[in-house]
Amino acid sequence: MVTSKETRAAIIALHKKGLTGKFIAATKIAPQSTVYRIIKNFKERGSIDAKQAPGRPRKSSKRQDRLLKLFQLRDRATTSTELAQKWQQAGVSASARTVRKTFGGRPGVKEGSKEATSLQQKHQGQTDIQQKLQGLDC
């Protein structure tokens with residue numbers, strides 16, 4: 001559960017007043033497990049700020065991603081290499097592979113989305129039909 005900074009501050013303030021985690025959770029500010037986690041993290045780090053997310057930093061910002069999408073939508077026949085060059089002119093140093101990964105493999109469709117899944121199923125159906133037709137010709 002993602003808790004706001006205000007909620008974390010309220011939990012810590014109540015804890016400093018001497019209230020138990022169980023009582024703080026009973027006030028319906030947050031679930032008991034969340035209250036205990038926030039108190040534990042506060043004791044360890046001395047701050048209510050959330051930890052920085054692990055992993056490699058992003059190569060581009062969300063705004064730059066939207067700019068890339070705009071480039072792609074203007075001319076759908078543009079290759080990922082050409083898009084990477086346009087993106088570099090806009091100030092983002094990225095390869096054609098990074099462009100493809102940004103679009104999730106297929107420009108305009110996010111990987112794992114309902115649309116992508118239905119397109120994969122549709123394509124699979126077409127492949128099955130083609131294989132059956134080839135089997136009849138032999």
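Computed from a prediction, not measured in an experiment: that's the story for all the values here.

**A closer look at the overall build of the protein chain**
1) Next: Across its full length, the protein chain carries 7 helices and 0 strands.
2) Next: Relative to its 138 residues, the protein chain shows a buried fraction of 24%.
3) Next: Relative to all contacts within the protein chain whose residues are 6 or more apart in sequence, the contacts with residues 24 or more apart total 41%.
4) Next: By element, 53% of the accessible surface of the protein chain is carried by carbon and sulfur atoms, the whole surface being about 10,600 Å².

**Quick notes on the packing of helix α1 (residues 5-16) against helix α3 (residues 32-45)**
1) Next: With their axes 10 Å apart at the nearest point, α1 and α3 run at an angle of 75 degrees to one another. As far as their axial angle goes, α3 and α1 are roughly perpendicular. The segment α1 lies against α3, with R8, I11, I12, H15 and K16 engaging V35, I38, I39, F42 and K43.
2) Next: When the residues that make up the contact of α1 with α3 are grouped by side-chain class, the tally is 6 nonpolar, 1 polar and 3 charged.

What counts and what doesn't
Residues numbered from 1 in each chain as written. Predicted model: local features only at pLDDT ≥ 70, side-chain atom pairs only at ≥ 80, totals over all residues. Heavy atoms only, no water. Helix = DSSP H or I, 4+ residues; strand = E, 2+ residues; numbered from the N terminus. Buried < 20%, exposed > 50% of the residue type's maximum accessible area, 1.4 Å probe, protein only. Contact = heavy atoms within 4.5 Å. Areas by Shrake-Rupley, 256 points an atom, 1.4 Å probe, with all protein chains shown as cover. Axes fitted to C-alpha atoms, helices over the stretch in contact; angles between N-to-C directions. Parallel < 35°, antiparallel > 145°, perpendicular 65-115°, else oblique. Nonpolar A, V, L, I, M, F, W, Y, C, P; charged D, E, K, R; others polar.

Purely spatial values, then, with no claim about function.
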